[in-house]
Amino acid sequence: MSEAINIGTINDIDEGEARVITAEENGTDADIAVFHAEDGNFYALDDTCTHETASLADGWIEGTEVECPVHSAKFCLKSGSVLCMPATLAARTHKIEVSGEDLLLYPSVSVLGA
Ligand code: FES
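Computed from a prediction, not measured in an experiment: that's the story for all the values here.

About the cut-offs
- Residues numbered from 1 in each chain as written.
- Predicted model: local features only at pLDDT ≥ 70, side-chain atom pairs only at ≥ 80, totals over all residues.
- Heavy atoms only, no water.
- Helix = DSSP H or I, 4+ residues; strand = E, 2+ residues; numbered from the N terminus.
- Buried < 20%, exposed > 50% of the residue type's maximum accessible area, 1.4 Å probe, protein only.
- Contact = heavy atoms within 4.5 Å.
- Salt bridge = Lys/Arg side-chain N within 4 Å of Asp/Glu carboxyl O.
- Pairing = 2+ DSSP bridges.
- Axes fitted to C-alpha atoms, helices over the stretch in contact; angles between N-to-C directions.

**Student:** Quick one: what's the story with the environment of Leu83, residue by residue and with numbers?
**Tutor:** One can find Leu83 in strand β8 (residues 82-84). When its relative accessible area of 42% is taken as the criterion, Leu83 is described as partly exposed. Here Leu83 is in contact with Glu65, Lys74, Phe75 and Cys76, once residues within four sequence places are set aside.

Set out below in structure tokens:
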């Protein structure tokens, strides 16, 4: 179980926006995108789209989905599952916790409990 990383406060990412926590910062082999979804919650997925090389943090957030900015595949922010082609592989999820105003990221801890 990896340690939590304090990545700032809930005010650092506006609703409908995302921020990248680089692999160097998060201690894994991949950049992680932290999304402030339109349901008011925070979610984290691997930043690189599973289709080709694109940053999901640069995509469009709608509700609790993000649309890849390159070929428009959509991913569920809650589960990482693919909602439409051309991507076919789910995005890896990472647990996010809100503690007071702080945002805590648990790199490599899946929200699916897998
Ligand atoms: S790179 Fe994301 S859908 Fe193609």
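**Student:** Which residues make up the pattern of salt bridges, and what are the values?
**Tutor:** This structure, assessed with the given rule, holds 3 salt bridges. In this structure, the salt-bridge partner of Arg92 is Asp29, at a minimum N-O distance of 3.4 Å. Taken together, the residues Arg92 in the loop between β8 and β9 (93-99) and Asp29 in the loop between α1 (23-26) and β3 (32-36) connect sequence positions 63 residues apart. We note a salt bridge from Arg92 to Asp46, for which the minimum N-O separation is 3.0 Å. One end of the pair, Arg92, is in the loop between β8 and β9; the other, Asp46, is in strand β4 (residues 42-46), and 46 residues separate them in sequence. The exposure class of Arg92 is partly exposed, given its relative accessible area of 33%. A relative accessible area of 14% means that Asp46 is categorised as buried.

**Student:** Any details on the sheet that holds β4? Residues and values, ideally.
**Tutor:** Pairing within the open sheet is antiparallel, and its 6 strands lie in the order β1-β10-β9-β4-β3-β2. Sheet topology places β1 (5-9) and β2 (18-21) at the edges, where each strand pairs with a single neighbour. Across the sheet, the mean angle from the axis of one strand to that of its neighbour is 25°, orientation sign disregarded. Two strands pair when backbone bridges link them, and β4 and β9 are joined in this way by 2 bridges, in the antiparallel orientation. What sits directly across from Ala44, in β9, is His94.

**Student:** Tell me about the pairing of strand β10 (residues 102-106), and please be specific about residues and values.
**Tutor:** In terms of residue burial, β10 counts as a mostly covered element, since 4 of its 5 residues are buried. Inspection of the sheet shows β1 paired to β10 by 3 bridges, in the antiparallel sense. What sits directly across from Ile5, in β10, is Leu105. Of the pairings in the sheet, the one linking β9 to β10 comprises 5 bridges and is antiparallel in character. Bridged to Lys95 within β10 is Tyr106.

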